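Summary of the model geometry
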Amino acid sequence: MSSEKVLHKTSIGGQAVLEGIMMKGPRKTCIAVRKPDGEIVTEESENHPLKERYPIVGLPIIRGFVNMISMMAEGFHAIDYSSRFLEEEDENYEPGKFEAWLEKKIGAKKIESAIFTISIVLGVLLAVGLFILLPAFLSGLLSDRVPHLVENLIEGVIRIVLFVFYMWLVSLMKDIRRTYEYHGAEHKTIYCYEKGLELTVENVRMQKREHPRCGTSFLFVIMIISILVFWLIDVRSRLLRMALRIVLLPLIIGLSYEVLKITGRSDGLLSRIVSWPGRMLQHLTVLEPDDSMIEVAITAMKAVIPEKQGEDAW
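The following refers to the structure shown. Please read these numbers as outputs of a predicted model, since none were measured by experiment.

**Structural notes on the sheet that holds strand β1 (residues 13–17)**
With antiparallel pairing, four strands are arranged side by side in an open sheet as β1-β2-β3-β4. Sheet topology places β1 and β4 (40–46) at the edges, where each strand pairs with a single neighbour. On average, each strand axis in the sheet is tilted by 15 degrees relative to the strand beside it, whichever way the strands run. Here five bridges tie β1 to strand β2 (residues 20–24), and the two strands are oriented antiparallel to one another. Bridge pairing in β2 places Ala16 opposite Ile21. Most of the contacts of helix α6 (residues 174–194) go to β1, to which it runs at about 160 degrees, and overall it touches β1, β2 and β3 (28–34). Against the sheet, helix α12 (residues 291–304) touches β2, β3 and β4, its axis set at about 160 degrees to β3.

Have a look at this one:
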């Protein structure tokens with residue numbers, strides 16, 4: 001059954017969260033989480049695409065960057081939502097004096113919101129520093145000894161090695177491995193839907209894990225496109241070089257989205273070549289789920305399938 005031809009390529013996408021999955025369709029988003037007691041809880045929300053209010057954000061290049069920012073924001077919210085069910089609250093817990101004072105002066109909700117915001121900012125800064133600035137800095141040390149093309153290739157290789165090593169390293173963590181297994185449940189469920197099969201545990205289980213329109217593949221495409229873009233710009237100033245890496249990031253993300261959009265519509269040779277590195281990387285980030293994870297993915301998927309047939313076409 002896993003070898004059957006895809007009948008409908010959907011734009012529905014998802015993200016694995018802590019003990020759950022977020023699925024986003026053209027009109028609805030659903031976060032499904034399995035609580036410690038086994039119950040599946042959901043949070044559903046209506047989608048109001050920005051391009052309907054601001055047509056400019058639907059233009060090529062721009063739409064890719066806007067979509068990524070939107071998915072990041074929704075992903076952080078989904079992780080925050082799922083984290084609430086990880087542990088049962090300890091009824092005997094008493095906050096310390098400083099914590100109690102902060103809650104009294106500021107409010108527990110505002111403190112929680114501030115901590116969550118700070119963690120998002122720190123996470124983004126870490127990603128930019130580790131995967132954008134650090135490779136540019138290290139390759140820049142060779143700028144007086146090697147041609148620009150070689151230097152740029154070295155920077156790209158460093159970026160890819162750091163990214164793959166990071167993905168492998170975090171996969172060793174138990175909680176992350178479970179999240180990667182939920183990632184597998186997400187992919188299998190989307191494949192099952194695209195093949196026109198009934199969304200049952202049995203049908204989903206038989207699908208393959210790797211998906212060409214995965215976010216992991218998208219990140220890999222971004223790295224490849226960055227090599228091509230930065231190859232066109234020969235800047236010897238180290239500070240200006242690193243600044244341009246950040247300034248041009250929206251353009252690179254936008255171009256990468258368009259490449260993924262085009263190749264994702266076809267199963268031809270070019271599409272297979274472009275998606276191959278990302279598929280290989282998915283062996284680290286997309287693992288085999290158990291049936292309970294598949295049930296969560298099906299719950300989230302069913303909630304976002306549009307009533308109008310074809311509205312979610314890729």
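**Some details on the packing of helix α2 (residues 62–83) against helix α10 (residues 249–263)**
Look at α2 against α10: their axes get within 7 Å of each other, and the N-to-C directions meet at 100 degrees. Of the possible angle classes, the one that applies to α2 and α10 is roughly perpendicular. The segment α2 lies against α10, with Arg63, Gly64, Phe65, Asn67 and Met68 engaging Pro250, Ile253, Gly254, Tyr257, Glu258 and Lys261. Taken together, the residues of the contact of α2 with α10 sort by class into five nonpolar, three polar and three charged.

**Side note on the pairing of β2**
By the criterion of burial, β2 is predominantly enclosed, with five of the five residues buried. In β2, alternate side chains face the same way, and those of Gly20, Met22 and Lys24 on one face and Ile21 and Met23 on the other are all buried. Connecting the antiparallel pair β1 and β2 is a turn made up of two residues, with Glu19 showing a positive phi of about 55 degrees.

**A closer look at the nonpolar core**
Ranked by internal contacts, the top residues of the largest apolar core, which has 23 residues, are Ile21, Met23 and Met301. Here this core gets nine residues from one element, more than from any other, and that element is α12. In terms of nonpolar packing, the next biggest core, distinct from the first, is built from twelve residues, Phe218, Ile222, Leu248 and Ile252 among them.

**Considerations on α6**
For α6, spanning 21 residues, the distance from its first C-alpha to its last is 31 Å, which sits close to the expected 30 Å at 1.5 Å a residue. Counted residue by residue, α6 has 16 buried out of 21 residues, so it is predominantly covered. Once α6 finishes, Gly196 follows within two positions and takes phi at roughly 75 degrees, a positive value.

Rules and cut-offs
Residues numbered from 1 in each chain as written. Predicted model: local features only at pLDDT ≥ 70, side-chain atom pairs only at ≥ 80, totals over all residues. Heavy atoms only, no water. Pairing = 2+ DSSP bridges. Helix = DSSP H or I, 4+ residues; strand = E, 2+ residues; numbered from the N terminus. Axes fitted to C-alpha atoms, helices over the stretch in contact; angles between N-to-C directions. Contact = heavy atoms within 4.5 Å. Parallel < 35°, antiparallel > 145°, perpendicular 65-115°, else oblique. Nonpolar A, V, L, I, M, F, W, Y, C, P; charged D, E, K, R; others polar. Buried < 20%, exposed > 50% of the residue type's maximum accessible area, 1.4 Å probe, protein only. Core = buried A, V, L, I, M, F, W, Y, C linked by side-chain atoms within 4.5 Å. Expected span 1.5 Å × (residues − 1).

Limitation: the analysis is restricted to geometry and does not speak to function.
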